[in-house]
Amino acid sequence: MQEVDLELRGDYIELDKLLKATGLADSGGQARAFITAGEVRVDGQVELRKTAKMRAGQVVEFGGQRVRVVAAG
């Protein structure tokens, strides 16, 4: 499984925006479809909330990739 770090610019990033920002989804609509279909996991659990707030320390898994959310700095 490929791992990537995403550095936050604020306190959080919404899940659908994270998928788009990391290139795991080509568009916001595609990101929301993946989430609605139950294909995205946050900290090992399926996450169905499209705008769930991802904060530093959380791990998002999708499509064989793992994204670690890290604090800026």
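Reading guide: rules and limits
- Residues numbered from 1 in each chain as written.
- Predicted model: local features only at pLDDT ≥ 70, side-chain atom pairs only at ≥ 80, totals over all residues.
- Heavy atoms only, no water.
- Helix = DSSP H or I, 4+ residues; strand = E, 2+ residues; numbered from the N terminus.
- Rg over C-alpha atoms; globule rule 2.2 N^0.38 Å.
- Buried < 20%, exposed > 50% of the residue type's maximum accessible area, 1.4 Å probe, protein only.
- Contact = heavy atoms within 4.5 Å.
- Areas by Shrake-Rupley, 256 points an atom, 1.4 Å probe, with all protein chains shown as cover.
- Pairing = 2+ DSSP bridges.
- Polar contact = N/O pair within 3.5 Å; in protein donor to acceptor, adjacent residues only side chain to side chain.
- Core = buried A, V, L, I, M, F, W, Y, C linked by side-chain atoms within 4.5 Å.

A. Focus on the overall build of the protein. The helix and strand inventory of the protein stands at two helices and seven strands. Going residue by residue from the N terminus, the α and β elements of the protein occur as β-β-α-α-β-β-β-β-β. In terms of overall dimensions, the protein is globule-like: its C-alpha atoms have a radius of gyration of 11 Å, near the 11 Å expected for 73 residues. With the principal axes as the frame, the protein shows a C-alpha extent of 35 × 25 × 20 Å. Burial statistics for the protein: of 73 residues in total, 34% are counted as buried. Considering only contacts within the protein whose residues lie at least 6 apart along the sequence, 50% involve residues at least 24 apart. On the protein, roughly 4400 Å² of surface is accessible, and the fraction owed to carbon and sulfur atoms is 44%.

B. Region of the structure containing the sheet that holds strand 7 (residues 65–70). In spatial order, the strands read 1-7-6-3-4; together these five strands make up an open sheet with mixed pairing. Each having just a single partner strand, strand 1 (2–7) and strand 4 (45–46) make up the two edges of the open sheet.

C. Representation of the environment of serine 27 in the model. The residue serine 27 is located in the loop between helix 1 (15–21) and helix 2 (28–36) in this model. Expressed as a C-alpha distance, the spacing of serine 27 and glutamate 47, which sit 20 residues apart in the sequence, is 18 Å. Of the polar contacts made by the side chain of serine 27, one reaches the backbone nitrogen of glutamine 30; its length is 3.1 Å.

D. Layout of the pairing of strand 7. Alignment of strand 1 against strand 7, held across six bridges, turns out to be parallel. Within the sheet, the bridge partner assigned to leucine 6 lies in strand 7 and is valine 69. Bridge analysis of strand 6 (residues 59–62) against strand 7 gives four bridges, and the strand direction is antiparallel. Bridge pairing links glutamate 61 to arginine 66 in strand 7. What sits between the antiparallel neighbours strand 6 and strand 7 is a turn of two residues, in which glycine 63 has the positive phi angle 55 degrees.

E. Layout of the nonpolar core. The biggest cluster of nonpolar side chains holds 19 residues, and the ones touching the most others in it are Leu15, Leu18, Leu19, Val40, Met54 and Val60. Looking at this core, the elements with two or more residues in it are helix 1, helix 2, strand 6 and strand 7. Apart from residues lying up to four places away in sequence, leucine 19 is in contact with Leu24, Ala25, Ala31, Ile35, Val40, Val60 and Phe62.

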